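These are the residues of each chain, in order.
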Amino acid sequence: MAVEINSLLECRKKAAKWLAAAACFLCFFAPASASVTASEDSSAAAAICPVVYPLDETPSEKGYHYLFYGNAFFVNEDGYLITAAHLLNSFRDGGQPHVLVELPSGQRHLLKADVVATDWEHDVAILRATPNPFQGGYRVAYLPLAPDRLDPGKHVFSISLRPSRLQEAYTFDAPLQERSEGEVLSYQYTRTESGREIELLLYSQKVIPGQSGSPVISDESGETVGFIEGRWLHPTAIPFVTSAEQIDPSPGAAVRIHYAISLLQAHSIPWHATLDSGVHAAGSSENAKGYSGPTPLSLVAAPFPAQAFSGGEILLDAKVDTRGKVTDVRVVQGQPPFLEEVLGAVQTWTFLPARQDGHDVEARVGSVFQFAQPYLPKLTARVHEYKETGTDSKDRGALPLYTLEPEYPANSVGEGSVVLNEIVDKEGRASSIHVVRDLASLTSPTVGAVRQWKFAPGKHGGEAVESGVIVVVTFRRPAVASRTLRQENGRGDCGVSMKGRCLFRQGLHRAGEGFNRQN
């Protein structure tokens, strides 16, 4: 088999560099469970393939010598796989990645793995094995995907394959299989180098060499909820867990599977929802009747602008197309510096598209970004009222007529964003509220305030319809606001003070008026 490098020596030099990088990334901790041979077959293990690079043009008595990078797993019977994009860094400048698939005899065979798509921001890559092993008599299976969150304390497991000798790996040698078990600890958001957010699932397992790209599977449903990224290195972020066992200070970190689903959708690649269902591309069967609105997959929040002294509120109406992408964003209400941050966040959102009688259809959704005033006590009104907008439009999402800012709890020190997905009925009432992004002490007051909001219903063809609304409430840890406003040397009143120092002057206002309200 042809390889795309100049010489074996050059390959081994590259291998040494990669191994050094892998050691740094994966930390090379001890295995979380004992290794067993891959002959202990299961449907999950049969879906997992090592990602490798062959070093030989022809096999020896041991088969092909190869470099091992990590793992990938099949998501449908067309030969498509998901893996961590960082495994493919070595192939950016050329070279053909391969996967090892199992024959009925138990031996492994090399198949080319074409790179179909990558999302480097969220470390997702789609591969396709050629020829399709599902049509070639190989012992393979696929894994179903589940975009929903598992609650903390739910049990998960991961299965990985790796060569018994990392630097002397041959295809005729049976790989070792590791099955590790743990429980969901929490979900953490972190920002990439470009400033985008990525959501990670933290779980009580150690990450060991070669596990990157391996699926993290719900023990209850058998569905894949993420894939292994590495280790979480911020132990102070780990909350209380239900298990009485000692939790490793650096648990495993998995990229949530909804990023992979978004990439699959963008390239019209089908995937499975459950082990018993047919191929799934948008959330329901082709035979399903009726309408279902867009379902959020990935919703990132907008950071509180550093230059903002007061709060603000942004209202948007957007289309979710048949691929689940946000298009045609209409600004209903907005002002700088909040608007720029919000538009940047919304452009990254992805959904399972709306369905009508089993087919993907376009739909419009409303969204509200509320930046709660960062002062205690509040200097301006917590209530925002709007006239119904978009009355001349026959198609729009539901939009608020009345909003209320949540109170910041006196005993909280939290900051960040709470994200909710609401369903607003034809009468403008919120029929359901689903927490997409939780924020400890701030979620409850947010939900309590949002329950008091009033909406204008969405419209389709000029008729009122049920519609989704995404609500993002962003908090900044509050400063101490002084309501005793005084003039100092004619320079205006001090509206916000901390530790006796005036942080922001209002200008010459009558005492008690507070800041000008920005709607």
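Residue numbering note: each chain is counted from 1, following its sequence as written. The predicted nature of this model means local features are confined to residues of pLDDT at least 70 and side-chain atom pairs, given and counted, to a pLDDT of 80 or more, with totals for whole chains, interfaces and linings taken over all residues. With hydrogens and water excluded, all non-hydrogen atoms of the structure serve as input to the side-chain values.

Side note on the pattern of salt bridges
Line of reasoning, step 1. Should a side-chain nitrogen of Lys or Arg be within 4 Å of a carboxyl oxygen of Asp or Glu, the pair is scored as a salt bridge. Tallied over the entire structure, the rule returns 18 salt bridges.
Line of reasoning, step 2. A salt bridge links arginine 139 to glutamate 102; the shortest N-O distance between them is 3.3 Å. Of the two residues, arginine 139 is situated in the loop between strand S7 (124-130) and strand S8 (155-162) and glutamate 102 in strand S5 (residues 98-102); the sequence distance between them amounts to 37 residues.
Line of reasoning, step 3. For each residue, the accessible area found with a 1.4 Å probe, counting protein chains only, is set against the maximum for its type, and the residue is called buried under 20%, exposed over 50%, and partly exposed in between. We classify glutamate 102 as buried; its relative accessible area is 7%.
Line of reasoning, step 4. In this structure, arginine 355 and aspartate 360 form a salt bridge, with 2.5 Å as the shortest nitrogen-oxygen distance.
Line of reasoning, step 5. Since its relative accessible area comes to 5%, arginine 355 is described here as buried.
Line of reasoning, step 6. We classify aspartate 360 as partly exposed; its relative accessible area is 29%. Starting at the N terminus, helices and strands are each numbered in turn, a helix being any DSSP run of H or I of at least four residues and a strand any DSSP run of E of at least two.

So, helix H5 (residues 443-450)
Line of reasoning, step 1. Residues of H5 that are buried: Thr443, Thr446, Val447, Ala449 and Val450. Relative to the axis of H5, the buried residues are bounded by an arc of 165° and lie together on one face. Here the arc refers to the directions that run from the helix axis out to each C-beta atom.

Observations concerning the layout of surface pockets
Line of reasoning, step 1. Cavities and pockets were defined on a 1 Å grid built from protein atoms only: a cavity is a group of points that admits a 1.4 Å probe but offers it no way out, a pocket is an open group of points flanked by protein on both sides within 12 Å along at least five of seven lines, and a lining residue is one with an atom within 4 Å of any such point. Grid points are joined across faces, edges and corners, and a volume is the space filled by probe spheres set on the points. Estimated volume of the largest pocket: approximately 880 Å³.
Line of reasoning, step 2. Elements with a minimum of two residues in the lining of the largest pocket: strand S17 (291-292), strand S18 (295-298), strand S24 (363-371), strand S28 (416-424), strand S29 (430-437), strand S31 (458-460) and strand S33 (467-475).

Concerning the side chain of threonine 171
Line of reasoning, step 1. Assignment of secondary structure puts threonine 171 in the loop between strand S9 (169-170) and strand S10 (176-191).
Line of reasoning, step 2. By the criterion applied in these results, polar contacts are pairs of N or O atoms within 3.5 Å in which, for protein atoms, one can donate a hydrogen and the other can accept it, and in which residues neighboring in sequence qualify only through two side-chain atoms. Polar side-chain contacts of threonine 171 include one of 2.9 Å to the backbone nitrogen of tyrosine 64.
Line of reasoning, step 3. Apart from residues no more than four positions distant in its own chain, threonine 171 is found in contact with Lys62, Gly63, Tyr64, Tyr66, Leu100, Arg108 and Leu110. Contact criterion: two residues are considered in contact whenever any of their non-hydrogen atoms come within 4.5 Å of each other.

Re the confidence of the model for the protein chain
Line of reasoning, step 1. The pLDDT value expresses, per residue, how confident the predictor is, ranging between 0 and 100. Summary statistics for the protein chain give a mean pLDDT of 80 and a share of 76% for residues scoring 70 or more.
Line of reasoning, step 2. Note that residues 276-286 has pLDDT below 50 and, in this model, 25 contacts with residues that lie over four places away or in other chains.
Line of reasoning, step 3. Every residue in residues 495-500 scores below 50 in pLDDT, and together they form 24 contacts with partners more than four places removed in sequence or on other chains.

Quick look at the environment of alanine 260
Line of reasoning, step 1. Within the secondary structure, alanine 260 is located in helix H3 (residues 258-266).
Line of reasoning, step 2. According to the relative accessible area criterion, alanine 260 is buried, its value standing at 0%.
Line of reasoning, step 3. Between the C-alpha atoms of alanine 260 and isoleucine 82, which are 178 residues apart in sequence, the distance is 7.2 Å.
Line of reasoning, step 4. Ignoring sequence-local partners within four residues, the contact set of alanine 260 consists of Ile82 and Val124.

Observations regarding the packing of aromatic side chains
Line of reasoning, step 1. Ring pairs shown here join Phe, Tyr and Trp side chains whose ring centres sit within 6.5 Å, with only the six-membered ring taken for Trp; geometry is labelled stacked below 30 degrees between planes, edge-to-face above 60, and tilted in between. Under the definition given, this model contains ten aromatic pairs.
Line of reasoning, step 2. On the numbers, 6.5 Å between centres and 65° between planes, the contact of tryptophan 349 with phenylalanine 351 is edge-to-face. For the pair tryptophan 349 and phenylalanine 351, one class covers both residues: buried.
Line of reasoning, step 3. Ring pairing ties together the aromatic residues Tyr53, Tyr69 and Phe91, which thus form one cluster.
Line of reasoning, step 4. Lysine NZ or arginine CZ positioned within 6 Å of the ring centre and within 35 degrees of the ring normal marks a charge as sitting over the ring. Cation over ring: arginine 92 sits above tryptophan 120, and NZ or CZ is 3.5 Å from the ring centre.
Line of reasoning, step 5. One residue, arginine 437, lies across the ring of tyrosine 189, its end atom 3.4 Å from the ring centre.

Considering the sheet that holds strand S23 (residues 359-361)
Line of reasoning, step 1. What makes two strands pair is DSSP finding at least two bridges between them. If you trace the three strands from one edge of the open sheet to the other, you get S17-S22-S23, paired in antiparallel fashion. Single-partner strands in this sheet number two, and they are S17 and S23.
Line of reasoning, step 2. Bridge analysis of strand S22 (residues 354-356) against S23 gives three bridges, and the strand direction is antiparallel. Across the sheet, arginine 355 pairs through a bridge with aspartate 360, a residue of S23.

Some details on the nonpolar core
Line of reasoning, step 1. With 38 residues, the main nonpolar core has Phe73, Ile82, Ile126, Leu145, Phe227 and Leu264 as its most contacted residues.
Line of reasoning, step 2. Every element with two or more residues in this core is listed here: helix H2 (43-46), strand S4 (80-84), S7, S8, strand S11 (197-203), strand S14 (252-256) and H3.
Line of reasoning, step 3. Top contributing element to this core by residue count: H3, with five residues.
Line of reasoning, step 4. Sequence-distant contacts of isoleucine 126, that is, excluding residues within four places in its chain, are made with Tyr80, Leu81, Ile82, Asp114, Val115, Val116, Ala117, Leu263, Leu264 and Ile269.
Line of reasoning, step 5. Only buried Ala, Val, Leu, Ile, Met, Phe, Trp, Tyr and Cys residues count toward a nonpolar core, and they belong to the same one when joined by side-chain atoms within 4.5 Å. Listed in part, the 25 residues of the second largest apolar core include Ala308, Val320, Val436 and Ile470.

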